[in-house]
Amino acid sequence: GCRGARVGLPAMETDDTGNRLRFQLELEFVQCLANPNYLNFLAQRGYFKDKSFVNYLKYLLYWKEPEYAKYLKYPQCLHMLELLQYEHFRKELVNAQCAKFIDEQQILHWQHYSRKRMRLQQALAEQQQQNNTSVK
Amino acid sequence: GAGGCSGAAAMAMAAGGERSSTRDRLLAALEDLELLARELIEILAISRNQKLPQPGEESQILELLIQRDGEFQELMKLALDQGKIHHEMQLLEKVVEKRDSDIQQLQKQLKEAEHILATAVYQAKEKLKSIEKARKGAVSSEEIIKYAHRISASNAVCAPLTWVPGDPRRPYPTDLEMRSGLLGQMNNPSTNGVNGHLPGDALAAGRLPDVLAPQYPWQSSDISMNMLPPNHSNDFMLEPPGHNKENEDDVEVMSTDSSSSSSDSD
């Protein structure tokens, strides 16, 4: 699995460079939460039992605000972040099967629109075929 | 005879001193008149037959009679006036009653109006609240379109049309992307592979996804300087206010850690 950074960030500076860095790090990290395999990794290594980590997850909720959310390429991470606020969810993620299930659902959902489009295209093609045969 | 006369005189004196009702006084005066008239008639009847024991008594009674009659006439006038006043009072009372009911009617209407206004004001306030809420959440359509384009064009929220099982692309940052980001660089500074790709990675899948670029767009650096994360101490040991949704009972007060933690885990 991937090695995520430990929660403790480098000594925080008060100048802009430090804040800029922190912004990017947190931007990356929060989006990593969209990866169910990574969540499984974190769960198995006991990160979710660490009180300060749980507090950090709560702190990350600021990414829900529109002025921050617009930087997210993977907005689904916010849904994961919300779920992670619940202890029950964090406990379940220790199971590899749970992570796998989430992964499958995510991918299926991801494909929803392309499948829909394919169906529409098929329907359109069939209809055109019918028109052609009737014209002849 | 004598007892009755002095009795009438006593009664006349008594009646003049009391503050009794006009009716009583009228009745008393009538009684007196009756008594005096009787007395007079008795005396006159007696004087026809025998000598009067007290001379001049009949003129005395007569005078009393006249006096009492005078009083009686006064009392009658008084009674008449009082009657008129009473009548006026009754009329005024009626007017007062009417006014009272008018006031009550107005009161009812005012109450109704107040109720209606209160409702209207309340609803207006609710409306204003929702307007304010909507205004606060306003986003320019241009920004929304830009964002929609951003998350769709990179296949972040919608799978690429050519996707088949086996394609390493995912709706979340993959191992590869994670390692190539800032976080990955921080933890593995010395083991960077070529182009940020580590050996034995998702590349084991066999192919290099063609969406890879040296600068992964999910680690945006196009931020403006005033767009910074909310301030926090590195000390997440402190329980923030309004904590875990389920464990309200498990709250412990942690002691503050004076040093900031910055250790790497692995």
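None of the values given here were measured: they were computed from a predicted structure. (Residues numbered from 1 in each chain as written. Chains lettered and ligands numbered in written order. Predicted model: local features only at pLDDT ≥ 70, side-chain atom pairs only at ≥ 80, totals over all residues. Heavy atoms only, no water.)

## So, the overall build of chain B
Check the secondary structure of chain B and you find six helices and zero strands. Taken from N to C terminus, the helices and strands of chain B fall in the order α-α-α-α-α-α. A buried classification covers 24% of the 266 residues belonging to chain B. Long-range contacts, defined here as pairs at least 24 residues apart, represent 57% of the contacts in chain B between residues at least 6 apart. In the form shown here, chain B has an accessible surface area of approximately 19100 Å², with 58% of it arising from carbon and sulfur atoms. (Helix = DSSP H or I, 4+ residues; strand = E, 2+ residues; numbered from the N terminus. Buried < 20%, exposed > 50% of the residue type's maximum accessible area, 1.4 Å probe, protein only. Contact = heavy atoms within 4.5 Å. Areas by Shrake-Rupley, 256 points an atom, 1.4 Å probe, with all protein chains shown as cover.)

## Quick word on the overall build of chain A
Helix and strand content of chain A: eight helices and zero strands. Looking at chain A alone, contacts between residues at least 24 apart form 67% of all its contacts between residues at least 6 apart. Entry remark: accessible area of chain A is about 7400 Å², with carbon and sulfur atoms responsible for 52%.

## Quick look at the UniProt feature "coiled-coil region" (unreviewed entry) in chain B
All names here are of chain B. With numbering matched to this structure, UniProt assigns "coiled-coil region" (unreviewed entry) to residues 23–50 and 89–123. Spanning residues 23–50, this segment combines 96% helix with 0% strand, and its end C-alpha atoms are found 40 Å apart. Note that residues 89–123 is 100% helix and 0% strand, and that its end C-alpha atoms are spaced 50 Å apart. (UniProt positions renumbered as here; feature names shortened; annotations may be inferred.)

## What about the pattern of salt bridges?
Throughout the structure, instances matching the rule amount to 14 salt bridges over all chains. Residue glutamate 87 of chain A is joined to lysine 91 of chain A by a salt bridge in which the shortest nitrogen-to-oxygen separation is 2.9 Å. On the criterion of helical spacing, the pair formed by glutamate 87 of chain A and lysine 91 of chain A is a turn pair, its members being four residues apart in helix 6 (residues 87–92). With its nearest N and O atoms 2.8 Å apart, the salt bridge here joins aspartate 167 of chain B to arginine 169 of chain B. Across the pair, exposure class does not vary: aspartate 167 of chain B and arginine 169 of chain B are buried alike. (Salt bridge = Lys/Arg side-chain N within 4 Å of Asp/Glu carboxyl O.)

## Remarks on helix 3 (residues 51–59) of chain A
Residues and elements named next belong to chain A. Here helix 3 lies mainly inside the structure; seven of its nine residues are buried. Within the span of helix 3, buried status applies to Ser52, Phe53, Val54, Asn55, Tyr56, Leu57 and Tyr59. Lining the buried residues of helix 3 we find helix 1 (16–32), helix 2 (36–44), helix 5 (76–84) and helix 6.

## As for the confidence of the model for chain B
Residue and element names in this part refer to chain B. Scored by pLDDT, chain B comes out at a mean of 73, with 63% of its residues at no less than 70. Within chain B, the element-level pLDDT minimum falls on helix 1 (residues 2–17), averaging 51, and the maximum on helix 3 (residues 57–136), averaging 93. Note that residues 190–216 has pLDDT below 50 and, in this model, 25 contacts with residues that lie over four places away or in other chains. Note on residues 239–266: pLDDT is under 50 here. Beyond four places in sequence and across chains, it has 41 contacts. Among the prediction metrics, the complex's ipTM stands at 0.76, with pTM recorded as 0.52. (pLDDT = per-residue confidence, 0-100.)

## Describing the packing of aromatic side chains
Residues and elements named next belong to chain A. Within this structure, the stated rule accounts for 14 aromatic pairs over all chains. Relative to tyrosine 71, the ring of phenylalanine 23 has its centre 5.5 Å away and its plane inclined at 90°; by these criteria the two rings are edge-to-face. Residue phenylalanine 23 is found in helix 1, and its partner tyrosine 71 is found in the loop between helix 4 (66–69) and helix 5; the two are separated by 48 residues along the sequence. Tyrosine 71 sits in the buried class, given a relative accessible area of 8%. (Phe/Tyr/Trp six-rings, centres within 6.5 Å; stacked < 30°, edge-to-face > 60°.)

## A closer look at the nonpolar core
Among the nonpolar cores identified, the biggest contains 40 residues, and Leu33, Leu42, Phe48, Leu60, Trp63, Leu72 and Leu93 of chain A are the most heavily contacted of them. Looking at this core, the elements with two or more residues in it are helix 1, helix 2, helix 3, helix 4, helix 5 and helix 7 (96–110) of chain A together with helix 4 (141–153) of chain B. Here tryptophan 63 of chain A is in contact with Phe23, Glu26, Leu27, Val30, Tyr68, Ala69, Tyr71, Leu72 and Leu78 of chain A, once residues within four sequence places are set aside. Membership of the second largest hydrophobic core comes to 11 residues, among which are Ile43, Ile61, Leu64 and Phe72 of chain B. (Core = buried A, V, L, I, M, F, W, Y, C linked by side-chain atoms within 4.5 Å.)

## Remarks on the confidence of the model for chain A
Residues and elements named next belong to chain A. Per-residue confidence for chain A gives a mean pLDDT of 86, with 88% of residues at or over 70. The secondary-structure element of chain A with the lowest mean pLDDT is helix 8 (residues 112–135), recorded at 86, while helix 5 shows the highest, at 95. The model gives residues 1–13 a pLDDT under 50, and that stretch makes 42 contacts with residues more than four places away or in other chains.

## As for unusual backbone geometry
All names here are of chain B. The phi angle at asparagine 155 is positive, at roughly 60°, despite the residue not being glycine. Tracing the backbone shows asparagine 155 in the loop between helix 4 and helix 5 (175–180). When its relative accessible area of 18% is taken as the criterion, asparagine 155 is described as buried.

## Things to note about the environment of serine 154 of chain B
All names here are of chain B. Examined against the element boundaries, serine 154 turns out to sit in the loop between helix 4 and helix 5. Residue classification places serine 154 among the partly exposed residues on the basis of a relative accessible area of 27%. Each C-alpha atom, one on serine 154 and one on proline 171, is 9.8 Å from the other, the two residues being 17 residues apart in sequence.

## Section: the packing of helix 1 of chain A against helix 3 of chain A
All names here are of chain A. The geometry of helix 1 relative to helix 3 is characterised by a closest axis approach of 12 Å and an angle of 100° between their N-to-C directions. Taken together, helix 1 and helix 3 sit at an angle that is classed as roughly perpendicular. Of the residues in helix 3, those in contact with Arg22, Glu26 and Phe29 of helix 1 are Phe53, Tyr56 and Tyr59. (Axes fitted to C-alpha atoms, helices over the stretch in contact; angles between N-to-C directions. Parallel < 35°, antiparallel > 145°, perpendicular 65-115°, else oblique.)

## Structural notes on helix 2 (residues 22–49) of chain B
Look at helix 2 of chain B: 41 Å from first C-alpha to last across 28 residues, which is about the 40 Å you get at 1.5 Å a residue. Of the residues making up helix 2 of chain B, those classed as buried are Thr22, Leu26, Ala28, Ala29, Asp32, Leu33, Leu36, Glu39, Leu40 and Ile43 of chain B. (Expected span 1.5 Å × (residues − 1).)

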